[in-house]
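For reference, the chains in residue letters:
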Amino acid sequence: MTPSLREKFLTYLLVIIILVVFMTPIYLILVSSLKPSPIMFSRPPRFIFTPTLQNYYDLFTMRPFHLQILNSLLVALGSTAFSLTIGTMAAYAVSRIKHRRINDVAFWILSMRMFPPIAVVVPYYIIFKTMGLLDTPLALIIVYSTFNIPLTVWLMKGFFDEVPEALEEAAQVDGHGVIATFFRVTLPLTAPGLAVSAVFCFIFSWNEFLFALMLTGSKSQTVTVAVMSFWSSDAVQWGRIMAGSFVILIPGVIFVLTCQRWLVKGLTMGSVKG
Amino acid sequence: MSHTANRDRRIAAVFLIPAIVVLFATTIYPMLYALWLSFRNYDLAKPFIPRIFVGLANYAEVLTSKAFFHALITTFKLMAMTLSAQLVLGVGIALLVSQKLPGMALARTLLLIPMMISPVIVGLVWLFLYFPELGYLNYFLGLVGIGPVPWISSTQWALTAIAIGDIWQWTPFIMMGTAAALQSLSPEPYEAARIDGNSRWDVFRYVTLPQLKPVLVSLLFLRAIDAFKIYDIIFVLTKGGPADATEVISLYIYRQSFTFWRMGVGAAASFVSLIIISVLITLFFKQMQRGQAARAR
Amino acid sequence: MMQWKKTMWAAGAVLAMTGAAWAQDKPFAGVELKMLGIGDTSVTRVAPIVGEFEQATGIKVHIDQLPYPGLIDKIIVEASSDSPTYQLLWVDSPWVGMLGEAGALEDLTSRAKRDAAEIGLDDIIPIQLQENTWQGKLLAFPASGMVWSTNYRKDLFENPEEAAAFKAKYGYDLAPAKTWAQYRDIAEFFTRKKGEKLAGEVLDKDFYGTAQAYSRVQGAITHDYFPIMRAFGGDYWDPKTGLCAMTGEPHIKAAEFMKSLIPFNPPDYLGLMWDLRTGYMERGEDAISSYWSVRTVRLTNPAEAKVAEKGLVVGYAPSPTVDGNPQPTYTGALSFAINSKATDKEKEAAWVFIKWATSEKLMRRFAEEGQGVSQFRKSILSDPALQAKYPYYKVLLESQKNARRRIFHPFYQAVEENFGVELSKYMAGETATAKEALETACNAVNSQLSIFPVEQRLRWINDVPAEVLAK
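J.: Help me out: how do you make sense of the overall build of chain C in this one?
T.: The secondary structure content of chain C amounts to 24 helices and 13 strands. Here the C-alpha atoms of chain C give a radius of gyration of 24 Å, agreeing with the 23 Å that 2.2 N^0.38 yields for 471 residues. Each of the three principal axes of chain C carries a C-alpha extent, and together these read 75 × 65 × 35 Å. The burial tally for chain C puts 53% of its 471 residues in the buried class. By sequence separation, contacts in chain C at least 24 residues apart represent 74% of the contacts at least 6 residues apart.

The following block contains the structure:
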């Protein structure tokens, strides 16, 4: 049944309203990042003004923002690669093992995500201090992986459940071992799942604030801490915060625009079989 | 049988052991340390206070504390608000943008952006929007004659304001999952339902929704785990205020552990909250398994 | 000829001396220091020019600028570990008691005494040094002074129409408030709705009498409450028991007074804190407001405050009292300190940095370059040329002659947080009476304090005069 003209019109109207509502905050980040500070809070808000790149310039001159971006990239990519490797393998095991206790193992892995992060900040600080890892990207990679591995296991399990075991058995009959079968037959079939897991791991690591604040110093400070640091004791420097925020949301937007199809497919396949 | 067991063992050895070792190695020390703290009077900022063993006193304090229960209730209130709104809006928007019309794919894509944003930044942006007089939100509402609403500066509104920020960020998550599930639904039941002359709502209610249920349950489950730990957005927006209107579990733990530096009480509260969420999730799983079993029959 | 020769000789001597100084003045060449800092004016003015310091001394300083929310958390965690990552720490003066009692900060007393002439110890306003002491020991050095003072719209106060109307209504002359009662009258008088007239002009938006902080975030409401409470004659602690005493009549009256100001505040008063509330003065949207002088510095800078751009005039006055008689001014300090766990060489190098970063030369340079820093040196605050440029210098200088420091107790954070929450609940109408709110907050603080022996509690509330100031 094709929708009538009136229905089409209503649909578009609603979608446009929804888009406006959901996109306005992002638009405001951009607009505010280009605003000079004295008119930041003028009433009524000003949408037409001479834009300035001063806030962006300040980011890179008042803070080593380019280095902080590199730190964030290193941490996010490192944790993603590590979590994906370990997590995918575990997900495969959880999906294939028939033993009835496997659900308990799966639950234990998932429970890693449930503990309030605040409670383990200080223990992690102490452990990294002792190991000399404080203010290194490795410290954050380790911590983020404890959150990313469970997520990867959760997402990937659904994908492995979808791959018929008959395929694997056929490969094994052909003389491939368990490991070879996994890499040659099973893994390629779950590519969308890998993509969605990678994106979520990356975004989580890139966006995290609490651990990044406590475990980093000048050498490894990440972008979220850098942006929040414009919240000082006498003022919240909105222009610079908005400029930094805009830079931070760029990777997320890139992922959405490029991997949207995979993201959607990946997430539902993973969750349908929950 | 033994063949399966053998295979299980091989898979476990190669695939599962690394994850268990890694997770165990990276979390066992912090967890044990937190557990040790929870039995101690441990003030990180005041080393002159004896850091003595206090038995279950910290747990007793948490469990008898009005503030803790207030935080627990606030957390559940917030979860109820955000999860229900995200469910309704997410499914509704998914139904809209899943129609086969030009431009809808782009709309679906754009709507995913909020969930990619750092929660701290979501907090900052909404703080910026919420300023009662200077914020954009009240300005826009004023244009249509509403307000001004004292979003984060009133005890009546603050929790709603936090919820709105969270709903804005995570409705896309539900929308994305639902939209994908809608695309994979088989068309036959629809044809049948339509031939029978059912209303649109009935088709949705009796045909679409039952098919979506497993996806929705699973999406909500993921959201619930995170919603229980909600922290960054409140840390930025209200830090638990005004008064104690938005003080959730994480904020309670934060205040005990950091502002008051009573690490023991904070750790005890963490374990209590871990137990609560674990029990809830176990119950949830049991319910789901029972549901699946019922359907299988 | 003789003259020429003399000049040459002098130049040669100077060259020789600087040469010698060159060799001697770089005993710390190669030392690297890290500072746990923040992004406010006490740091941001210095941060871009640390290269100059490295050139002069060979000491490399990295300043990490962290968000204020979370900074103290990080300092405490840092201080609790034995091998420091940071040798230099930025501290807000109310933290000094907590950090001091924990032994986290290096005692600077002997160094300050040794270098008294070089740092111009006599030139620093005494209370600013006192702010940084714990049990008489100087634990931090002021980088930015803070005074709680009142800003008001001078142009409105001098408007004849308004002045006459005010006199007719209240029976006395419109002038900067000397008492909190006058402050309330002024706030009430200037609270106008959109469409009403202000100084002869019809308002296109609401105008507020005042904008005070009622938000509990970062304890903002307590910063506003404590000066009022002290003016009403209330004290923090019971001098006999060393326990929280903020439940008395003056305390209750002060809280009730603060609540009575709500109708003259913007509607978002419960969310007002820091720059949100000072923003009203900076945009010329309220008539009178008291705050820390670290924000006052913005009012003369058109790049930071719209009021300066609009040509509206802001006046500066000491914070009001209750009976109009002078009362000790409420002060604070934003300061630099040395981590007590740094190595000896690092500590000495860090002290060289502190001396440079807070020197009269540098502070004067900031003032002359037009950058506002809330100054703490008498020579700068009393400089007539600078006073003309920064009219608030006079108030800063005068009001600190009679000053009493801010709360400095090791349990300061517990006080700030508990009172922040309870006062904010009372202002929001969730707690029925001020008495109940204050008692709840005090009980929470006392439950943590009561385990300590009385002598210890009494020692904590006792402000021992700074040893560096002893002659």
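From this point, things continue past the structure.
J.: What exactly am I supposed to notice about the interface of chain C and chain A here?
T.: In many analyses, interface size is given as the accessible surface area lost on bringing the parts together. Contact residues are listed per partner, giving 30 residues for chain C and 24 residues for chain A. Broken down by element, the residue count for the side of chain C that touches chain A peaks at four residues, all from strand β2 (residues 60-66) of chain C. In terms of residue class, the side of chain C that touches chain A is made up of 10 nonpolar, eight polar and 12 charged.

J.: Even after reading the chapter, I still don't get the nonpolar core, so can you show me in this structure?
T.: It is characteristic of soluble globular proteins that their nonpolar side chains tend to be buried jointly. If you look at the biggest cluster of nonpolar residues, it comprises 322 residues, and the most contacted ones within it are A:A90, A:L215, C:A255 and C:F353. Built from parts of two domains, this core gets at least three residues from each of domain 1 (26-147 + 332-405) and domain 2 (148-330) of chain C. Look past the residues within four positions of C:A255 in its chain and what remains in contact with it is C:Y225, C:L423, C:Y426, C:A434, C:A437 and C:L438.

J.: Sorry, what's going on with the domain arrangement of chain C here?
T.: Residue and element names in this part refer to chain C. Taken domain by domain, chain C consists of domain 1 (26-147 + 332-405) and domain 2 (148-330). Computed over C-alpha atoms, the centres of domain 1 and domain 2 are 29 Å apart. Every contact between the two is made by 20 residues of domain 1 and, on the other side, 17 residues of domain 2. Breaking the side of domain 1 that touches domain 2 down by element, the ones donating at least two residues are β6 (141-153), β12 (329-338), α21 (392-399) and β13 (403-405). Examining the composition of the side of domain 1 that touches domain 2, we find that four residues originate from one element, α21, more than from any other.

J.: Help me out: how do you make sense of the environment of A:T52 in this one?
T.: Residues and elements named next belong to chain A. Assignment of secondary structure puts T52 in the loop between α1 (5-33) and α2 (54-62). On the basis of neighbour count, T52 is assigned to the partly exposed category, with 14 C-beta atoms found within 10 Å. As for T52 and C201, which are separated by 149 residues in sequence, their C-alpha atoms are 34 Å apart.

J.: How do you make sense of the confidence of the model for chain A when you look at a structure like this?
T.: Caution applies to low-pLDDT regions: their predicted coordinates should not be interpreted in detail. Across chain A, pLDDT averages 86, with 94% of residues at or above 70. Mean pLDDT values over the elements of chain A span from 81, in helix α12 (residues 238-272) of chain A, up to 94, in helix α3 (residues 65-96) of chain A.

J.: Got a minute to help me understand the packing of helix α3 (residues 66-97) of chain B against helix α11 (residues 249-259) of chain B in this structure?
T.: In a packed pair of helices, the relevant descriptors are the angle between the two axes and the axis-to-axis distance. Residue and element names in this part refer to chain B. It is the contact of α3 with α11, at a shortest axis distance of 8 Å, that shows an interaxial angle of 145°. The segment α3 lies against α11, with A67, F68, A71, L72 and T75 engaging I249, L251 and Y252. A per-class count over the contact of α3 with α11 returns seven nonpolar, one polar and no charged.

J.: What exactly am I supposed to notice about the pairing of β6(C) here?
T.: A regular strand places its side chains on the two faces of the sheet in alternate fashion. Residues and elements named next belong to chain C. Across the 13 residues of β6, 13 count as buried, placing the element largely inside the fold. Pairing geometry for β6 and β12, over six bridges, is antiparallel. Bridge pairing in β12 links S144 to L334. Two elements, β6 and strand β10 (residues 286-292), share five bridges in a ladder whose sense is antiparallel. Within the sheet, the bridge partner assigned to W148 lies in β10 and is W292. Sheet topology places β6 next to strand β11 (residues 314-318); five bridges connect them, and they run antiparallel. Across the sheet, residue T150 finds its bridge partner in β11, namely A317.

J.: Explain helix α14 (residues 274-282) of chain C to me, please; I cannot follow it from the model alone.
T.: One turn of an α-helix holds 3.6 residues; hence residues three or four places apart share an orientation. Counting buried positions along α14(C) gives eight out of nine residues, so the element sits mostly inside the fold. A positive phi of about 75° marks C:G284, the residue just after α14(C).

J.: For this particular structure, what's the right way to read the environment of C:Q87?
T.: Residues and elements named next belong to chain C. By the element assignment, Q87 lies in the loop between α4 (71-79) and β3 (88-92). The buried category is assigned to Q87, around which 24 C-beta atoms lie within 10 Å. Sequence separation of Q87 and K347 is 260 residues, and the distance between their C-alpha atoms is 7.2 Å. Leave out the neighbours within four places in its chain, and Q87 touches L33, K34, I338, N339, A342, E346 and A350.

The rules behind these values
- Residues numbered from 1 in each chain as written.
- Chains lettered and ligands numbered in written order.
- Predicted model: local features only at pLDDT ≥ 70, side-chain atom pairs only at ≥ 80, totals over all residues.
- Helix = DSSP H or I, 4+ residues; strand = E, 2+ residues; numbered from the N terminus.
- Rg over C-alpha atoms; globule rule 2.2 N^0.38 Å.
- Buried ≥ 20, exposed ≤ 12 C-beta atoms within 10 Å, placed from the backbone.
- Contact = placed C-beta atoms within 7 Å.
- Nonpolar A, V, L, I, M, F, W, Y, C, P; charged D, E, K, R; others polar.
- Core = buried A, V, L, I, M, F, W, Y, C linked by C-beta atoms within 7 Å.
- Domains from an automatic or database assignment.
- pLDDT = per-residue confidence, 0-100.
- Axes fitted to C-alpha atoms, helices over the stretch in contact; angles between N-to-C directions.
- Pairing = 2+ DSSP bridges.

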